[in-house]
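Coordinates in review
What follows is the residue order along each chain.
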Amino acid sequence: MSVGFFGIQFGWDLQRANMGRIYEGLGAHPDQVPLLFLAAPLTGLLVQPIIGYLSDRTWHPRWGRRRPYFMIGAIISSFALILMPNSSALWMAAGLLWVLDVFGNVSMEPFRAFVTDKLPDSQVNRGFVMQSLMIGLGGSVASALPWLMNNVFHLSNTAQPGEVPHNVEYSFYIGAFFFLASVMWTVFTTTEYPPSAAELQAQQTEDKKGFAHGAREIFDALVNMPKRMQIVSLVQFFTWPGLFLMWFYYTTAVAVNVFGGTDASDPVYAAGADFGSLTLAYYSVITFLFALVLPAIADALGRKLTHSLCLLCGALGLISVAWVHDKNMLYLCMTGVGIAWASILSMPYAMMSGSLPKHKIGIYMGIFNFFIVLPEIIASLGFGWLMRNVLNNDRLLAVQLGGVLMVLAAIICFVFIKESKNSKPALAKELEIEERRSV
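Residues numbered from 1 in each chain as written. Predicted model: local features only at pLDDT ≥ 70, side-chain atom pairs only at ≥ 80, totals over all residues. Heavy atoms only, no water.

What to know about the overall build of the chain
From N to C terminus, the chain includes 18 helices and zero strands. For the chain, the C-alpha radius of gyration of 21 Å lies close to 22 Å, the compact-globule estimate for 439 residues. In terms of overall dimensions, the chain has C-alpha extents of about 65 × 45 × 40 Å along its principal axes. Partitioning the intrachain contacts of the chain with sequence separation of at least 6 by distance along the chain shows that 82% fall at a separation of at least 24. Element-wise, carbon and sulfur atoms account for 68% of the exposed surface of the chain, whose accessible area totals about 17600 Å². If the 28 positive side-chain charges of the chain are averaged to one point and the 28 negative ones to another, these points end up 10 Å apart. (Helix = DSSP H or I, 4+ residues; strand = E, 2+ residues; numbered from the N terminus. Rg over C-alpha atoms; globule rule 2.2 N^0.38 Å. Contact = heavy atoms within 4.5 Å. Areas by Shrake-Rupley, 256 points an atom, 1.4 Å probe, with all protein chains shown as cover. Lys, Arg positive; Asp, Glu negative; His and termini not counted. Charge placed at Lys NZ, Arg CZ, Asp CG, Glu CD.)

Section: the side chain of Asp13
In this fold, Asp13 is placed in helix H1 (residues 3-25). What Asp13 contacts, discounting residues up to four positions off in sequence, is Gly139, Ala142, Ser143, Tyr283 and Ser284.

A closer look at the packing of helix H15 (residues 361-368) against helix H16 (residues 370-389)
Taken N-terminus to C-terminus, the directions of H15 and H16 make an angle of 20°; their axes are 5 Å apart at the nearest point. Taken together, H15 and H16 sit at an angle that is classed as roughly parallel. Between H15, through Gly366, Ile367 and Phe368, and H16, the contact on the second element is made entirely by Phe370, Phe371 and Ile372. Taken together, the residues that form the contact of H15 with H16 break down as five nonpolar, one polar and no charged. (Axes fitted to C-alpha atoms, helices over the stretch in contact; angles between N-to-C directions. Parallel < 35°, antiparallel > 145°, perpendicular 65-115°, else oblique. Nonpolar A, V, L, I, M, F, W, Y, C, P; charged D, E, K, R; others polar.)

A few points about the nonpolar core
Counting residues in each nonpolar core, the largest one holds 109 residues, and the members touching the most others are Ile22, Tyr23, Tyr250 and Trp341. Broken down by element, this core gets its largest block of residues, 15 residues, from helix H10 (residues 227-258). Leu294, Ala298, Cys310 and Ile339 belong to the second-largest nonpolar core, a separate cluster that totals 11 residues. (Core = buried A, V, L, I, M, F, W, Y, C linked by side-chain atoms within 4.5 Å. Buried < 20%, exposed > 50% of the residue type's maximum accessible area, 1.4 Å probe, protein only.)

Focus on unusual backbone geometry
With the exception of glycine, the majority of residues adopt a negative phi angle, and the majority of peptide bonds are in the trans configuration. Even without glycine at this site, His154 takes up a positive phi of about 60°. With phi around 55°, Asn393 is a residue other than glycine that occupies positive phi space. Topologically, Asn393 is positioned in the loop between H16 and helix H17 (395-416).

Section: H1
For H1, spanning 23 residues, the distance from its first C-alpha to its last is 33 Å, which sits close to the expected 33 Å at 1.5 Å a residue. Along H1, the largest kink reaches about 45° and is centred on Asn18. In terms of residue burial, H1 counts as a mostly covered element, since 22 of its 23 residues are buried. (Expected span 1.5 Å × (residues − 1). Bend = angle between axes of the 7 residues up to and from the residue.)

Examining a nonpolar patch on the surface
Among the surface-exposed residues, Val285, Leu289, Leu292 and Val293 lie close enough to one another that they form a single nonpolar patch of about 330 Å² accessible area. What makes Leu289 partly exposed here is its relative accessible area of 47%. (Patch = residues over 30% accessible without salt bridge, like charges linked within 9 Å, V, L, I, M, F, W, Y side chains within 5 Å. Salt bridge = Lys/Arg side-chain N within 4 Å of Asp/Glu carboxyl O.)

With respect to the environment of Gly317
Following the sequence through the fold, Gly317 ends up in helix H12 (residues 303-319). For the pair formed by Gly317 and Tyr331, sequence separation is 14 residues and the distance between their alpha carbons is 9.4 Å. If we skip the residues at most four places from it in the chain, Gly317 touches Cys333 and Val337.

A word on the pattern of salt bridges
Under the counting rule described, the total for this entry stands at four salt bridges. For Glu24, the salt bridge is made with Arg395, and the minimal N-O distance between the two is 3.4 Å. With Glu24 in helix H1 and Arg395 in helix H17, this pair connects stretches of sequence that are 371 residues apart. Across the pair, exposure class does not vary: Glu24 and Arg395 are buried alike. In this structure, Asp117 engages Arg66 in a salt bridge whose closest nitrogen and oxygen atoms are separated by 2.7 Å. In this pair, Asp117 sits in helix H5 (residues 90-118) while Arg66 sits in the loop between helix H3 (39-56) and helix H4 (67-83), placing the two residues 51 residues apart along the sequence. According to the relative accessible area criterion, Arg66 is buried, its value standing at 2%.

Quick word on the packing of aromatic side chains
The way to describe two aromatic rings as a pair is by their centre distance and the angle between their planes. Enumeration according to the criterion identifies 23 aromatic pairs in this entry. Measuring from centroid to centroid gives 6.5 Å for Phe244 and Phe248, while their planes differ by 25°, and the two rings are stacked. Here Phe244 and its partner Phe248 are both found in helix H10, four residues apart, which amounts to about one turn of the helix. Each of the two residues, Phe244 as well as Phe248, counts as buried. Where Trp247 meets Trp341, the ring centres are 5.5 Å apart and the plane angle is 80°; that geometry is what we call edge-to-face. You can see Trp247 sitting in helix H10 and its partner Trp341 sitting in helix H13 (residues 329-344), a full 94 residues away along the chain. Accessibility expressed as a relative area gives 1% for Trp341, which makes it buried. Among the aromatic residues, ring-to-ring pairing joins Trp240, Phe244, Trp247, Phe248, Tyr249, Trp341 and Phe383 into one connected group. Directly above the ring of Tyr193 sits Lys118, whose terminal nitrogen or CZ lies 4.8 Å from the centroid. (Phe/Tyr/Trp six-rings, centres within 6.5 Å; stacked < 30°, edge-to-face > 60°. Lys NZ or Arg CZ within 6 Å of the ring centre and 35° of its normal.)

Looking at the packing of H1 against H10
Interhelical geometry of H1 versus H10 gives an angle of 55° and a closest axis separation of 7 Å. Taken together, the axes of H1 and H10 lie oblique to each other. In this structure, H1 meets H10 at a crossing whose hand is right-handed. Taking contact as the criterion, the partners of Arg16, Ala17, Gly20, Arg21 and Glu24 in H1 are, on H10, Trp240, Trp247, Phe248, Thr251 and Thr252. Of the residues belonging to the contact of H1 with H10, the class tally is four nonpolar, three polar and three charged. (Left-handed = near helix turned anticlockwise from the far one by under 90°.)

In structure tokens form, the structure reads like this:
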């Protein structure tokens, strides 16, 4: 079920680790980079709930409910990955990033509902953690590719202004292959439970009501979000700016602030950017490994305490980048980020999964992603001004600010999410048996 997430994350991490570098290589200033990421989250704000709504109401005897969206999104995203390193201007790179983000979301959005569709609540922790494991594996390989292309295959990591280095170019081609191949693996090797005759009849009745009814249903679901989802969404709202600021600026901050490089044509800058990508690959390895023990930690400590502690580890990792004097200390910083990332990819979904109505899982997963893309929109619109007028275009300060926001998210999670612990041994034993049963 989760192999497809390996490829989806391959695409996400390629762009996260390299788009800032590509934009600056095409002539963008650091304060312009957030704005160049704007089109994608604006579109995602609309695409995600619509895809969730449509996938809730889709059924095909052969392709199922969610899998058609996996496939369409993967095909178009793979083409965008192939075209991206051939961008000849900023507008072209920004447009392709928009296409990649839109159809990456078309592929990714139903995956969250896919797990909830197929697993009982007692296995939800492990289902989302398995996704985290695949995400960590895909992200680690994708982030390391530019370094590998340069140091193992000896492809150039520098380029003239207006061009993309060859090591980045070929990394995107490889990413396109893995994105498409792994999603197709999930599409062709999984099945979905068919709806009952009554559910099919209800679905056909809903379909006749038209798009306006669908829009009203999405709005109604947004207004009437379950209380648990409201609080977890607030945690997400303050978590994701920290991640976006890291993806916007971390690689170039390492190149400039740690290595002392100047621009994309400078070999020192190129070496720093490649090393920054390598440490991002390392945090994905940590995510992969930590995902193996995260279910046991969540079972022992509870989901909210586990998530709060993991967020604090990530915050410390981002803030401590400014204390680095030896480049290898960046691995220690990224250890904290990797722990946080494993939890961010699983615990919020696990914390709210039981509170969502089953027939609206897709809609609510789409709405939940509002609180990922809204911070990105705010950062894209407003952070350029902060970079110019407050942070003096210091990329490292931007990364640290992301860590501060992650601390705030951890506090909100710990203080406001209410979680009752089950103390009944019989029920605990029953859940343990269910977890071992094949679904």
